[in-house]
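An overview of the molecular structure
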Amino acid sequence: MKKRFGLVLIEAPLFGSIFLRVIFAFIAFSYIGNLIEALQAEAVTRGGKLYTLEDNLGSYLTRVLMYAAFSFIGCWYATFGTTVINDK
């Protein structure tokens, strides 16, 4: 028995597929920008507090991993994760 490990595939009509791709591309673009900014500055702001790589390593890494995960998911759904329903 083969098991397929991967993200959920969304099937939608053509207009819905395009709409979902644009939304997920915007999400990916936003979080990639946050990720690059956090890596360059070695600091993130959360709830009005500044967490740096040296002072609060756990909070910094948690936020950076969240940015990376959301940007990956956004890129996935903008490229491969949405398909058009085949109505035959």
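Description of the structure in this document. Just so it is clear, the structure is predicted and the values come from calculations on it, not from any experiment.

Glancing now at helix α2 (residues 57-79). For α2, spanning 23 residues, the distance from its first C-alpha to its last is 33 Å, which sits close to the expected 33 Å at 1.5 Å a residue. Of the residues making up α2, those classed as buried are Tyr-60, Arg-63, Val-64, Tyr-67, Ser-71, Gly-74, Tyr-77 and Ala-78.

Core analysis: the biggest nonpolar cluster contains 7 residues, these being Leu-35, Ala-38, Val-44, Tyr-51, Tyr-60, Val-64 and Tyr-67. For this core, the secondary-structure elements that each account for two or more residues are α1 (14-41) and α2. Element by element, the count of residues in this core is highest for α2, at 3 residues. Contact partners of Val-64, with chain neighbours within four places excluded, come to Leu-35, Ala-38 and Leu-39.

On to the environment of Tyr-51, then. Relative to the assigned elements, Tyr-51 resides in strand β3 (residues 49-52). Residues Tyr-51 and Leu-61, spaced 10 residues apart in sequence, show a C-alpha to C-alpha distance of 9.6 Å. Here Tyr-51 is in contact with Glu-42, Ala-43, Val-44, Arg-46, Asn-56, Ser-59 and Tyr-60, once residues within four sequence places are set aside.

Together, Leu-14, Ile-18, Val-22 and Val-84 make up a nonpolar patch on the protein surface, roughly 360 Å² of accessible area in all. The element contributing the most residues to the nonpolar patch is α1, with 3 residues. By secondary structure assignment, the location of Ile-18 is in helix α1. Taking the relative accessible area as the measure of exposure, Ile-18 reaches 47% and is therefore partly exposed.

Further remarks concern unusual backbone geometry. Trans peptide bonds make up most of the peptide bonds, and negative phi angles are found at most residues other than glycine. Even without being glycine, Glu-42 reaches a positive phi, approximately 55°. Inspection of the secondary structure assignment puts Glu-42 in the loop between α1 and β2 (43-46).

Here we come to the pairing of β3. Here β2 pairs with β3 via 4 bridges, running antiparallel. Within β3, the residue paired with Thr-45 across the bridge is Leu-50. Taking the residues that link successive antiparallel strands as the turn, the β2-β3 hairpin has 2 residues, and the phi of Gly-47 there is positive, at about 65°.

What counts and how
- Residues numbered from 1 in each chain as written.
- Predicted model: local features only at pLDDT ≥ 70, side-chain atom pairs only at ≥ 80, totals over all residues.
- Heavy atoms only, no water.
- Helix = DSSP H or I, 4+ residues; strand = E, 2+ residues; numbered from the N terminus.
- Expected span 1.5 Å × (residues − 1).
- Buried < 20%, exposed > 50% of the residue type's maximum accessible area, 1.4 Å probe, protein only.
- Core = buried A, V, L, I, M, F, W, Y, C linked by side-chain atoms within 4.5 Å.
- Contact = heavy atoms within 4.5 Å.
- Patch = residues over 30% accessible without salt bridge, like charges linked within 9 Å, V, L, I, M, F, W, Y side chains within 5 Å.
- Areas by Shrake-Rupley, 256 points an atom, 1.4 Å probe, with all protein chains shown as cover.
- Salt bridge = Lys/Arg side-chain N within 4 Å of Asp/Glu carboxyl O.
- Pairing = 2+ DSSP bridges.

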